[in-house]
Amino acid sequence: MRFDVVTLFPEMFRAMESGVTGRALRKGVAELHLWNPRDYTEDLHRTVDDRPYGGGPGMVMKVEPLKRALERARAAAPASRVVHLTPQGRRFHQGVAREMAQREGVILLAGRYEGIDERLVECCVDEEWSIGDYVLSGGELAAMVILDAVIRLLPGALGHEESAAQDSYMNGLLDFPQYTRPEELEGRRVPEVLRSGDHEAIRRWRLQQALGRTWLRRPELLARRRLSEEERELLEEYIQTHQGVAGSTPREE
Ligand code: 6GU
């Protein structure tokens, strides 16, 4: 899959060279192309920002350099839609990542300062996404979050040991807890069932933990998900056995 990113801070994307995304890029599973509006300025000072009409604090990204950078990206990736990262966008989630991973490519537009000229959004942006309800200093970190979430879903991105199918959210539930050696750590033992070798018992325990944690921590995820007969029974049992235990009532949103 091809990713083009329009950004004033291309050096931030070195972070993508680590781990799963780095390996995917080196293997050619994904391609990352960076376009810096500063390279498309025409004045001596290479100006990329300007004052907002109507006044107020902060600056707005200047239209022409941004538009030229975006046009170059579009010419290089004609099949890709333009995705603007902004706190005003719709909330990104795993389902959007799955849908994006089916595409040939995307052009990610990372704004800085107070944002970009609205007319550029109108003419040239196809979608707007936010990664959550907090303010970042620019769209770059949001773009990298989306890059990571999408790239790890691409065929060949994960090794045989990893598998996106098993991940949190792929089944609409939070993950079950994980343990590794030692068997006892500061008096706390690994749950006995995980050492039993009984694969069916382990599967049921993990499913119950995933259901229980989702019920405790993210009840709104459960409300959206249909439960099988087995899942309802496991969750019911979890709720019964955790009643009155500290931190064991669902949190309020
Ligand atoms: Cl996409 N951009 C910025 N600047 N802040 C954000 C965001 C995006 N998503 C959440 N906060």
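For the structure itself, look to the data block above.
What comes next concerns the included structure. (Residues numbered from 1 in each chain as written. Predicted model: local features only at pLDDT ≥ 70, side-chain atom pairs only at ≥ 80, totals over all residues. Heavy atoms only, no water.)

Let's shift gears to the overall build of the protein. Helix and strand counts for the protein stand at eight helices and nine strands. In terms of C-alpha radius of gyration, the protein reaches 23 Å, well past the compact-globule figure of 18 Å for 253 residues. Judged by the C-alpha coordinates and their principal axes, the protein covers about 70 × 45 × 35 Å. Relative to its full complement of 253 residues, the protein shows a buried share of 41%. (Helix = DSSP H or I, 4+ residues; strand = E, 2+ residues; numbered from the N terminus. Rg over C-alpha atoms; globule rule 2.2 N^0.38 Å. Buried < 20%, exposed > 50% of the residue type's maximum accessible area, 1.4 Å probe, protein only.)

Taken together, Leu-85, Thr-86, Pro-87, Trp-129, Ser-130, Ile-131, Gly-132, Tyr-134, Leu-136, Gly-138 and Ala-142 form the complete shell of residues around the ligand. Within the backbone of Leu-136, a nitrogen or oxygen atom sits 3.1 Å from a nitrogen atom of the ligand. The element that contributes the greatest number of residues to the shell around the ligand is strand 5 (residues 81-91), accounting for three residues. Of the residues contributing to the shell around the ligand, the split by class is seven nonpolar, four polar and no charged. (Near = heavy atom within 4 Å. Polar contact = N/O pair within 3.5 Å; in protein donor to acceptor, adjacent residues only side chain to side chain. Nonpolar A, V, L, I, M, F, W, Y, C, P; charged D, E, K, R; others polar.)

Before going further, it helps to spend a moment on the state of the cysteines. On inspection of all chains with the given rule, the structure shows one disulfide. Bridging Cys-123 to Cys-124, the disulfide has an S-S length of 2.2 Å. The S-S bond linking Cys-123 to Cys-124 shows a torsion near -90°; that makes this disulfide left-handed. Judged by relative accessible area, Cys-123 falls into the partly exposed class, the value being 46%. Overall, Cys-124 belongs to the buried group, its relative accessible area being 9%. (Disulfide = S-S within 2.5 Å.)

Another aspect to go through is unusual backbone geometry. Residue Pro-182 follows Arg-181 across a cis peptide bond; omega there is 5°. Tracing the sequence through the fold places Pro-182 in the loop between helix 5 (140-151) and strand 8 (184-185). Positioned with a positive phi, Arg-46 is a non-glycine residue whose angle comes to about 55°. With respect to the helices, strands and loops of the structure, Arg-46 is situated in the loop between strand 2 (31-35) and strand 3 (49-50). Even without a glycine there, the phi angle at Tyr-113 is positive, about 55°. Along the chain, the position of Tyr-113 falls in the loop between strand 6 (105-110) and helix 4 (118-124).

Keep in mind these values describe shape, not function.
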